[in-house]
Amino acid sequence: MSRGIFQTVLLVAVVVNSGESALQIASCDTGSSNSTHCVFSNLIGGSIIFKSLATVESVEFKNSNFPKVPVTLFSTYDSLSRVDFSKCQMRQLNGKTTLSGAKKLKFLDMSENNLDELADEVFSEASELVEVYLARNQISSVSLNAFAGLKKLEILDLSFNVIKIIRGDIFWDLKQIKIIYVNNNAMSTMKISFVNNTNLIEYDGSHNDLSDWSLTFPGKSKVILNLSYCKLKNTYSSAADKGDLIIDGNTVDYIKILGQVTKVSAKYNKLRYAEIDPKLPIVTLELAGNFLTDIGNITKIKTVEKLDLSENRLMPLDSSTFNLMADLRVLNLRSTGISLNDKDFLANQKKLIHLDVSRNELSSLNLRNLKTLVSLQSLFLHENKLSEIKHLEDIKEILPSLTTISLSKNRFSCSYLQRMLQLLENLHVNVLLDTNNLVSLNTNVLGIDCFATDDVTANNSKPLQKMLIFRETALDLENRFSLLFKNIDSKFTQNFNNLVDILQPTLKGSGDNQEFIKRVMTEFNEGQNARAEAIVEKLTGIAKSFSTFEEFRSNFSSLKLDEKMSLIQNDVNTAKRANEEAINELTAKLTADQNSFNFDTFIGNISDHLKSSVLHADSINQLSSNFSSWKYFFLVSFLSAVAVSIFFGVKLYRNHRASLQLSREHLTSSEMI
């Protein structure tokens, strides 16, 4: 919604607690509907006086700090319909005083303040309120008549407070209420009658500690009732509930559902039995993470479309188990100990689009046992003990709608897995990959675990990944070595500058001495440059050893699989040996150069020449002492260059798996098979 600047100047006089006053111009703008919204920032104090020539409908306070609602707000702006007091560090709410004049107020946000109680009729002066947000305060007490007079209120948010008790007819006057949030409080008692709240559609009382509770709803209403994580125990009996029932994360061991609910979610309780009227219109039934074994009563509900029985230890299932559930679209049997040996196991599930049988003990799978699942789009088989899938070549004939399958963490051999992945790719079936395995030490093909055999084909994963990492890294080696050369050159320059600093006192002497020292320094610099060029040449040779992979790539797609893998291994071994030999040769060369450069002789020559002048005897002794310590720095510099070279070689070899994902844009799956 585009907005233009409102032309009328809106002034605010702020009287702070110390008695000083300040004047502020508020930021106001007008939307396309001609409603004016003003933002007041950084107001601090106990009394705030508003002055205005404008008609303001919406006010927002930012970064402000005042203990209660400013007395003159609503008397100044009598057209206010929206007020945002959130995060104002407000501590008091005196409704009859501070909300006086709020006759048109419909939206009130007082969340994230320091309010600690709601007194009787606190909102009575704002009877037009539709939405009230009081979340994240310190409210511990709510009076029985706190919401009296709010006959038009539709949303009430009391979440994330410290309310201990709500009881009786506290919401009796809220005839239009649709949503009530009292979640994340400290309630032990919640005994409420909603019989007068015929428009209620959602009540969230989750994350409390209920020991004494009862909720009574109107006869015809359908309410989303959420009592998750409330420490409910023993039996949950629901005869009046209608709509959705959510009681996840409690310790209920028995549920009895008789009300006209359409969704039941009782995940992660201690259920051993669920008594549910099979005539109920339940569409979603989620019972994961319980102790269910017998589900005969559950599978009689014909209307269920989503059924989650995961993480229960079910008794053996047969062709009759789900026979009545012809409308099933989603079935989750993860970690239930089932098998899929019965050819008519899901004979009546022609509408099923998602089947999850992961994390079971499946050792074999005959796809023809699933031939009735003509609408199945996704099949999750990961974390089983499968070594093969029978009739995989006919998967599109058996499951014509299949688009996604998961296979990771089974017992496929690498060669079988490769053939299977190639087939699925050709049939345009997406395989969910376990990307964590791409850089792991596990033998895998494209992130899916497999078991290698002795033949080259089955062990393709590791050498293939090595080849790919070498080839991909070779493209960036020049940049890496350029950086290394720059670092080495910087060390040489630093060494030369150190030598200049050491010899500086002698440069002030006689002309002969100066010329000799300058000549020595020039020779020293030239010697370092020569060594730098030798390092560059050797390291460049290492980089060039990777170029053979480009030739390999141009012919790779035309080779058969065995030839491909043999060539991969040969090239990897050749490159590895070439790199090791180059690095060893470079190390030996640097060591030999270092040994042949006699620093003692070098310093001695300078000392003998300069000591002929008594004038410089002290300077020479100091020079000799300083240079003797400096030569160790030079040695460390050269050894650091060698260490960096070896580090890059080892790092390139060890981190080969990290670039496998990049490899797919250079090497398609069809090239691999």
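All values reported here derive from a predicted model rather than from experimental measurement. In this convention, every chain numbers its residues from 1, walking through the sequence in written order. It should be noted that, the model being predicted, local features are given only for residues of pLDDT at least 70 and side-chain atom pairs only at 80 or more, the latter also being counted only at that level, while totals for whole chains, interfaces and linings use all residues. Where side-chain values are given, they derive from all heavy atoms of the structure, hydrogens and water being excluded.

Draft legend 1. Spatial organisation of the overall build of the chain. Across its full length, the chain holds 13 helices and 35 strands. A simple rule labels every residue: compare its accessible area, found with a 1.4 Å probe on the protein chains alone, to the largest value its type can have, and call it buried under 20%, exposed over 50%, or partly exposed in between. The burial tally for the chain puts 48% of its 673 residues in the buried class. Any two residues having at least one pair of non-hydrogen atoms within 4.5 Å are treated as being in contact. Residue pairs in contact within the chain that sit at least 24 positions apart in sequence constitute 49% of those at least 6 positions apart. Counting every atom, the chain has about 32200 Å² of accessible surface; 49% of that belongs to carbon and sulfur. By definition, any uninterrupted DSSP run of H or I lasting at least four residues is a helix, any uninterrupted run of E lasting at least two residues is a strand, and each is numbered from the N terminus. To measure how exposed things are, a 1.4 Å probe is used in the Shrake-Rupley method; for residues, cover is taken only from the protein chains shown.

Draft legend 2. Looking closely at the pattern of salt bridges. By definition, a salt bridge exists where a carboxyl oxygen of Asp or Glu is found within 4 Å of a side-chain nitrogen of Lys or Arg. Under the definition given, this model contains 14 salt bridges. Here E128 ties to K152 by a salt bridge, and the two come within 2.8 Å at their closest N and O atoms. Pair noted here: E128 is in the loop between β10 (117-118) and β11 (131-133) and K152 is in the loop between β12 (141-142) and β13 (155-157), with a separation of 24 residues, a long-range link. Note that E383 is salt-bridged to R359, the shortest N-O span being 3.4 Å.

Draft legend 3. Layout of the pairing of strand β7 (residues 58-62). Burial of β7 is extensive: 4 of the 5 residues sit out of reach of the surface. Between any two strands, pairing holds if DSSP finds at least two bridges. Pairing of β7 with strand β8 (residues 82-84) involves 3 bridges; the strand directions are parallel. What sits directly across from V59, in β8, is V83.

Draft legend 4. Structural view of the sheet that holds strand β16 (residues 189-193). Read across the sheet, 3 strands follow the order β14-β16-β18 without closing on themselves; strand pairing throughout is parallel. Sheet topology places β14 (165-168) and β18 (212-216) at the edges, where each strand pairs with a single neighbour. Strand-to-strand twist across the sheet, computed as the mean angle between neighbouring axes with direction ignored, equals 25 degrees. The convention used is that axes are lines fitted to C-alpha atoms, helices contributing only their stretch in contact, and that angles between N-to-C directions extend from 0 to 180 degrees.

Draft legend 5. Here's a closer look at the nonpolar core. Here, nonpolar core means buried Ala, Val, Leu, Ile, Met, Phe, Trp, Tyr and Cys residues that are tied together by side-chain atoms lying within 4.5 Å of each other. Counting 129 residues, the largest nonpolar core has F123, F147, F171, Y203 and F322 as the members making the most contacts within it. A per-element tally of this core places helix α4 (residues 414-426) first, with 6 residues. For F171, the residues in contact, after removing those within four places along its chain, are F147, L156, I166, I180, I192, F194, N197 and Y203.

Draft legend 6. Seen up close, unusual backbone geometry. Of note in this structure, K87 is not a glycine but carries a positive phi near 60 degrees. Summarising the element assignment, K87 is placed in the loop between β8 and α2 (95-98). Here N184, not a glycine, exhibits a phi torsion of approximately 60 degrees, which is positive. Along the chain, the position of N184 falls in the loop between β15 (179-181) and β16. Its relative accessible area of 22% is what places N184 among the partly exposed residues.

Draft legend 7. Layout of α4. Helix span, expected: 1.5 Å multiplied by one less than the number of residues in the helix. Taking 1.5 Å per residue, 13 residues should reach 18 Å; α4 reaches 18 Å between its end C-alpha atoms and fits that length. Restricting attention to buried positions, one finds in α4 the residues C414, S415, Y416, L417, Q418, M420, L421, Q422 and L424. Positive phi shows up at H428, right after α4, with a value of about 65 degrees.

Draft legend 8. Local environment of the confidence of the model for the chain. For every residue, the predictor assigns a confidence score, pLDDT, that lies between 0 and 100. Looking at the chain, pLDDT values average 75 and 59% of them are 70 or higher. Counting interchain partners and residues more than four positions distant, the pLDDT-below-50 stretch residues 613-617 has 5 contacts. For residues 656-673, every residue scores under 50 in pLDDT, and the model assigns this stretch 52 contacts once sequence neighbours within four places are set aside.

Draft legend 9. Representation of the side chain of T372 in the model. Tracing the chain through its elements places T372 in the loop between β29 (365-366) and β30 (378-380). T372 sits in the buried class, given a relative accessible area of 18%. When near neighbours in sequence (up to four residues on either side) are disregarded, T372 contacts L346, A347, Q349 and K350.

Draft legend 10. The state of the cysteines, seen in detail. The rule for a disulfide is simple: a pair of cysteine sulfur atoms within 2.5 Å. Per the stated rule, a full pass over the model turns up 1 disulfide. Disulfide partner of C414: C450, at an S-S distance of 2.2 Å. The sign of the S-S torsion, about 80 degrees, decides the handedness of the disulfide formed by C414 and C450: right-handed. Here C414 is found in helix α4, whereas its partner C450 is found in the loop between β35 (448-449) and α5 (461-474), with 36 residues between them in sequence. Taken as a pair, C414 and C450 share a single burial class, namely buried.

Draft legend 11. Quick look at the environment of E286. Considering the arrangement of structural elements, one finds E286 in strand β25 (residues 284-286). Judged by relative accessible area, which is 8%, E286 ranks as buried. Separated by 18 residues in the primary sequence, E286 and Y268 have C-alpha atoms spaced 9.7 Å apart. With residues up to four places along the chain from it excluded, the contact list for E286 reads K263, V264, S265, A266, K267, K306 and D308.

Draft legend 12. View of the sheet that holds strand β24 (residues 273-276). In spatial order, the strands read β20-β22-β24; together these 3 strands make up an open sheet with parallel pairing. At either end of the open sheet lies a strand with only one pairing partner, and these are β20 (233-238) and β24. On average, each strand axis in the sheet is inclined to that of its neighbour by 20 degrees, with strand direction left out of account.

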